[in-house]
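Residue-level structure breakdown
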Amino acid sequence: MQSTVPPPTKNSYKSLFGLPVIVAALGYFVDIYDLLLFGIVRVPSLKDLGLNGEQISSVGAVIINWQMGGLLIGGILWGVLGDKRGRLSVLFGSIITYSVANIACGFIDKVTFMDPVDYYALMRFVAGVGLAGELGAGITLVSEVLPKQLRAIGTSLVAGIGLFGAVVAYFTVELFNWQNAYLVGGGMGIGLLLLRVGVIESGMFKEVSEQKHVQKGNFFAFFTNASRFSRYMKCIGIGLPTWFVIGILATFSDEFGKAFGITEPVKPGLTIMWCYIGLAFGDLASGLISQGLESRKRAVALLMGFTLIVSLIYIYIAPQTATGLYLYFLVMGFGIGYWAMFVTIGAEQFGTNLRATAATTVPNMVRGMVILMTSLYTYLKPSVDVINAGVAVGILSFAIGFYSILTIPETHGKDLNYLEE
């Protein structure tokens with residue numbers, strides 16, 4: 001099929017290295033660092049608080065759910081604010097919120113005025129609320145300021161560079177300790193605020209903000225129109241396999257390692273790091289694949305299918321060593337590297353007056369679904385064992401994911417300068 005999108009010019013490529021893209025990428029870097037930090041320090045931090053092995057698993061799942069619940073609520077809050085007050089208001093407000101919460105997490109072992117574990121869950125909830133705004137606002141801003149021929153590459157750069165925050169988080173914990181890792185995350189966030197001062201607001205938003213009669217940032221608008229509701233739910237469905245890999249297979253990789261018969265200890269933090277290294281390269285590749293295929297849908301379906309195949313091999317031809325397990329997650333991470341395309345699709349599906357709300361709530365709805373995934377996984381474990389519990393959650397995630405990407409409208413080359421009526 002002949003493309004209707006003109007090729008980018010030499011001058012337009014310069015916009016890929018503009019301040020909005022750089023700041024969005026660094027913002028997502030800090031976001032990922034802080035988002036995954038609890039998964040990396042879950043075992044050592046809870047052990048220092050006096051929990052035993054069984055409690056570390058059960059309480060750790062509860063704290064993860066609190067953080068994901070914060071992401072769910074924050075996604076709606078920041079999404080609506082992004083369409084009502086501007087993309088930059090979210091980029092500033094969200095980073096202040098999660099930076100303060102992460103600094104507070106660095107002092108959990110010194111808390112005496114309440115139970116430290118309850119305080120830990122509360123601070124991860126607040127951090128989740130703050131973290132919810134970063135990616136959606138950044139992707140929305142970049143999508144609106146870049147030429148449409150370069151949107152896929154630009155958003156992939158943001159996600160690909162940002163995802164290396166997981167690597168830095170892991171080595172920060174290894175070099176220092178979990179308390180200092182939280183303090184470093186909060187400090188990086190405060191530093192990023194200074195860099196954001198020079199970023200300009202999206203021209204599309206400015207144009208819409210001057211139209212007082214246009215309803216902006218109405219979250220309930222996704223549920224009052226059949227077409228919008230269908231597109232919105234499918235956007236969420238596309239992302240489910242990504243967080244099945246991260247939230248179940250990687251986070252609980254120590255439990256899967258034991259079930260596979262691996263005798264050496266498997267470190268979930270190291271698993272997450274390798275998964276995100278693969279994810280970073282997958283995100284960079286996904287933009288190029290989308291550009292080459294001239295299709296968001298085909299690029300995502302291809303990577304989702306690749307992830308399914310590797311996940312099945314991981315489960316049924318299990319690794320026999322911790323190193324082999326980490327290698328599987330490097331490859332699986334590459335497969336779920338369609339995350340940038342998934343968020344871009346969410347931004348491109350809706351008009352300017354709902355775009356930030358969609359792009360911010362959709363990824364956080366997916367992250368919030370981890371609550372249901374971990375709950376189902378925990379519920380099934382005693383009756384069907386660790387491996388089959390994971391398989392059951394995976395079947396649901398991939399079935400919904402494939403249905404969603406195969407039936408959602410294509411958005412490659414779509415003009416984003418329009419409104420939702």
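For the structure given in this document, a descriptive report is provided here. Quick caveat, the model's predicted, so the values are computed rather than measured. (Residues numbered from 1 in each chain as written. Predicted model: local features only at pLDDT ≥ 70, side-chain atom pairs only at ≥ 80, totals over all residues. Heavy atoms only, no water.)

What about empty space enclosed by the protein?
Counted only if it meets this: A 1.4 Å probe that fits into a set of points on a 1 Å grid over the protein atoms alone but cannot get out defines a cavity; an open set with protein on both sides within 12 Å along at least five of seven lines defines a pocket, and lining residues are those with an atom within 4 Å of a point. Grid points are joined across faces, edges and corners, and a volume is the space filled by probe spheres set on the points. Helix and strand assignments follow DSSP, with helices taken as H or I runs no shorter than four residues and strands as E runs no shorter than two, numbered in order from the N terminus. Each residue is assigned to one class: nonpolar for Ala, Val, Leu, Ile, Met, Phe, Trp, Tyr, Cys and Pro, charged for Asp, Glu, Lys and Arg, and polar for all the others, Gly among them.
Counting across every chain of the model gives two cavities of 30 Å³ or more. In this structure, the largest cavity encloses a volume near 120 Å³. L35, L36, F38, G39, I64, Q67, M68, W243, I246, G247, T251 and I272 are the residues that line the largest cavity. At the level of elements, α2 (19-48), α3 (53-85) and α11 (226-250) are the ones that each hand at least two residues to the lining of the largest cavity. The residue makeup of the lining of the largest cavity, split by class, is eight nonpolar, four polar and no charged. In this structure, the second largest cavity encloses a volume near 50 Å³. Breaking the lining of the second largest cavity down by element, the ones donating at least two residues are α2, α11 and α13 (268-293). Considering only residue class, the lining of the second largest cavity consists of ten nonpolar, one polar and one charged.

Comments concerning the pattern of salt bridges
Here is the rule we go by: What makes a salt bridge here is a side-chain nitrogen of Lys or Arg within 4 Å of a carboxyl oxygen of Asp or Glu, nothing more. Remark: exposure states derive from per-residue accessible area (1.4 Å probe, protein chains only) relative to the maximum for the residue type, with buried under 20%, exposed over 50%, and partly exposed in between.
Under the defined criterion, the tally for this structure stands at five salt bridges. Measuring nitrogen to oxygen at the nearest pair gives 3.8 Å for the salt bridge that ties R42 to D254. Remark: D254 occurs in helix α12 (residues 253-260) and R42 occurs in helix α2; sequence separation between them is 212 residues. When its relative accessible area of 19% is taken as the criterion, D254 is described as buried. K110 is the partner of D109 in a salt bridge, and the nearest nitrogen-oxygen pair spans 3.9 Å.

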